[in-house]
Structure formats: structure tokens, C-alpha cells
Amino acid sequence: MNHISWNTTKKCNLYCKHCYRESGPEKMDDELSTEEGKKLLDQIVKAGMKVIVLSGGEPMIRDDIFELINYAKSIGMTVLMGSNGTLIDKEKAEKLKNSGLNAIAISIDSLDPEKHNLFRGSDDAFQKAIEGANNCVDAGIRVQLNCTVTKQNLDEIEKIADFASELGAASSHMLFLVDTGRGKNIKDVSLNIKEYKKAINRIIDKDIELNIQVKPTCAPQYKVESLLRGIEPIKNTTRGCIAGISYCSILPNGDVHICPYAPVKVASIREETFDYIWENNEVFNQLRDYKNYKGQCGHCRYINICGGCRARAFSNTGDWLEEDPYCLLKEA
């Protein structure tokens, strides 16, 4: 299903080590206003998309976040949110539900509070994130727990997925670190390709075991790994990398990027309408024509189900059409 991630603000109450948007206490001076945001939502619907992910920074910092949720809902959209969870008390969880929020992803990077807090840059991030997640579950909002996988929490993958299930979450997504934003500063904790392959297969195994969805993210090779193992990915049905194909991101100032983790600006909604950009932009059209892909990705028989991570390709080579350096077939 086509969907958009809108970074509604760069401002955040945390200062996470890996933040792709390099968020923190400062707000961008030129963030989209409430009215510009509503126009953007109208244009997204006009482009044929009905799913919006409101993220940040921390979207709960925006004074108009409930108004934006309510507006998106009123024009027929499914409204999702990506949050650190720390600002969601019971009252705000109820207000999110009443405004029309369908689901929320909250990040838990370790079940060791000290490790999570160190990664997130706050001494009470873990406690408040868990409270926020519980408040959302209690309010009847569908919850997804996100975890950024690094060498530091690699041994916790299964435990975090189990914790998500016990919490009452609907899914547990394992996000693999991409060298972008502040993530460039912690390359030493990125997985090597052997650790990456093993982690993907552990996540696949956990997805089979649990009733909730357990899914690798920024790891399109999991589609091929599932296929080669003869596993029907019943709960995971989209193409591996969907950047520019059925998904893109919009920055706080209206710049349009191919995905949140690939800082490839294709246009600005302050210069062209989003529906026009989505239909006509040259970069998007390049990404949708697999003949344009290069290296291993360019002649891979699995291009239509994997596609290689465009963000990782861009980080490694400066070319979003190049091969993903974490291609597991190449390693085999």
C-alpha cells in the first residue's frame, strides 16, 4: 500500500545517537505551518495515497498535531505515528485515539534501561517510552515497537519481540542502522554483512513463532532469504525496498526525499504540488524502472521482490541507483 512519511518537525525532546534527521532541541525555522500541512494531506490523497505516517523529530511536540491527525482522518486517511513515546501520558493517548490515530510506532532499543537511555540521550527515556506504549495500548491504539539493531543489542532481538507481544503490541519492527544523519558517527556499531544475514534469519524465525508481525526494516534482503528458505512470508507482503515506488518522505520544510534514510531531495511541495511530484518526478520514475538499477541489483532476478536498500546504496556510493553493499547473494 502506498504511503508517505512526513517528518512534521525536526525538534525533539531526546538526542538519539543514530537519528537520521539529526533532531534535537532546535526547531527548523521554515517548518510547514498547519495550513500548509493540511494542503499537503489533501495533495497526498489526490495522489491516490491514503496512509500517512507522522514522525519527526518528535511529532508530539507540534502544538497542532491533534488537529493534523483529525484533519487527515476527516479526508479518509489512515493515520500512523512514529514517536519516542516519552510525551504520551494517559490523557494524550486518549486524545490521540479520539483525534483518529490508527496506530503508533514507539522505539525500544534495549530491555536494559541504561542501554536504551544512553542510545536515546535521556536518563528516563526507557521508563517514559514504556509508559507511553502502555498508555496507547490501553487507549485502544494499535502499537508497534521499533528497535534499531546494532552490535550493542544484537543479542536482544528475540527478547524485544517477545516483550512487544507481551505488551500487547501488534508488531515488532527491527530497523537496521543506515549510515545517515548522526548514524554516520556510530558506524562502529553497525552490523557486518555476516551479522546482518544471521540477524535477518533470526527475525524471520521469530516472525514464524509469534502471532504478531516481526519484520526487518531497511533490510530488503529478508524477502529473498525467506524465498530461498521456502518460507511463505504471509505477514510481510510488500516489496523489500519501496523507496520512490510506493513510499517517500517529506521533511519538515516540505522537501521531498526518496526515503527518510536517503537524503536525496527530488522536489519541494512549496514549489510543486505533491500529487504532481509523485506522478512526474524524474527520480521517482527512475526508481520505478528497474532497468535503471546498477551493479548486482541491476541484473538480479529478485529485483522485483528485494530491490536492494536505496538508502544504503546512496550512503555507500552517492548514487541511489547503485547496488546495495549488503547484498547477500553477492556474499554467497
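Below, the structure is looked at part by part. Every residue gets a number counted from 1 within its own chain, in the order that chain's sequence is written. For a predicted model such as this one, the threshold for reporting local features is a pLDDT of at least 70, and the threshold for listing and counting side-chain atom pairs is 80 or more; totals across whole chains, interfaces and linings nevertheless cover every residue. Water and hydrogen atoms play no part in the side-chain values, which are based on all heavy atoms of the structure.

**Some remarks on the pairing of strand β7 (residues 213-217)**
Right, on to step 1. Partly exposed describes any residue whose relative accessible area lies between the buried limit of under 20% and the exposed limit of over 50%, with all areas from a 1.4 Å probe on protein chains only and scaled to the type maximum. Note on conventions: DSSP H or I runs of at least 4 residues are helices, E runs of at least 2 residues are strands, and numbering of each starts at the N terminus. For β7, a buried count of 5 out of 5 residues is recorded, marking the element as mostly surrounded by other parts of the structure.
Right, on to step 2. Pairing between two strands requires that DSSP report at least two bridges joining them. Sheet analysis places strand β6 (residues 171-176) next to β7, joined by 5 bridges and oriented parallel. Within the sheet, the bridge partner assigned to Leu175 lies in β7 and is Thr217.
Right, on to step 3. Orient the strands so they point away from the viewer, and a crossover whose first-strand-to-second-strand path over the helix runs clockwise is right-handed. Traced from β6 through helix α7 (residues 193-209) to β7, the parallel crossover comes out right-handed.

**Brief notes about the sheet that holds strand β8 (residues 247-250)**
Right, on to step 1. Pairing is mixed in the open sheet, where 10 strands are placed in the order β7-β6-β5-β4-β3-β2-β1-β8-β9-β10. Each end of this open sheet is capped by a strand with a single partner; those strands are β7 and β10 (262-268). The sheet shows a mean angle of 25° between the axes of neighbouring strands, taken without regard to direction.
Right, on to step 2. Both strand β1 (residues 3-7) and strand β2 (residues 51-55) contribute to a ladder of 5 bridges, which runs parallel. Directly across from Trp6, in β2, lies its bridge partner Leu54.
Right, on to step 3. By the convention used here, residues are in contact when the closest approach between their heavy atoms is within 4.5 Å. Every axis corresponds to a line fitted to the C-alpha atoms, with the helix fit spanning only the stretch in contact, and the corresponding angles, defined between N-to-C directions, vary from 0 to 180 degrees. Along the sheet, helix α12 (residues 310-317) contacts β6, β9 (255-259) and β10; its crossing angle with β10, the most-contacted strand, is approximately 105°.

**Comments concerning the nonpolar core**
A general tendency of soluble globular proteins is for nonpolar side chains to be buried together.
Right, on to step 1. Remark: nonpolar core denotes a set of buried residues (Ala, Val, Leu, Ile, Met, Phe, Trp, Tyr, Cys) joined through side-chain atoms within 4.5 Å. If you look at the biggest cluster of nonpolar residues, it comprises 88 residues, and the most contacted ones within it are Ile44, Ile52, Leu96, Ile104, Phe176, Val256 and Phe274.
Right, on to step 2. When near neighbours in sequence (up to four residues on either side) are disregarded, Phe274 contacts Ile4, Leu40, Gln43, Ile44, Ala47, Met49, Cys248, Ile250, Val256 and Ile269.
Right, on to step 3. Counting residues in hydrophobic clusters, the runner-up holds 5 residues, among them Cys12, Leu14, Cys16 and Ala125.

**A few points about the packing of α7 against helix α8 (residues 221-228)**
Right, on to step 1. Running from amino to carboxyl end, α7 crosses α8 at an angle of 65°, the nearest separation of the two axes being 10 Å. One element, α7, and the other, α8, form an angle in the roughly perpendicular class. Taken as a pair, α7 and α8 cross one another with a handedness that is right-handed. Contacts between α7 and α8 pair Tyr196, Lys197, Ile200, Asn201 and Ile204 from the former with Gln221, Tyr222, Glu225 and Ser226 from the latter.
Right, on to step 2. All residues other than Ala, Val, Leu, Ile, Met, Phe, Trp, Tyr, Cys, Pro, Asp, Glu, Lys and Arg, Gly among them, are scored as polar; the first ten of these are nonpolar and the last four charged. Tallied by class, residues from the contact of α7 with α8 come to 4 nonpolar, 3 polar and 2 charged. An angle below 35 degrees is read as roughly parallel, one above 145 as roughly antiparallel, one from 65 to 115 as roughly perpendicular, and any other as oblique. Helix crossings are classified by the rotation of the near helix relative to the far one: an anticlockwise turn of less than a right angle makes the crossing left-handed, while a clockwise turn makes it right-handed.

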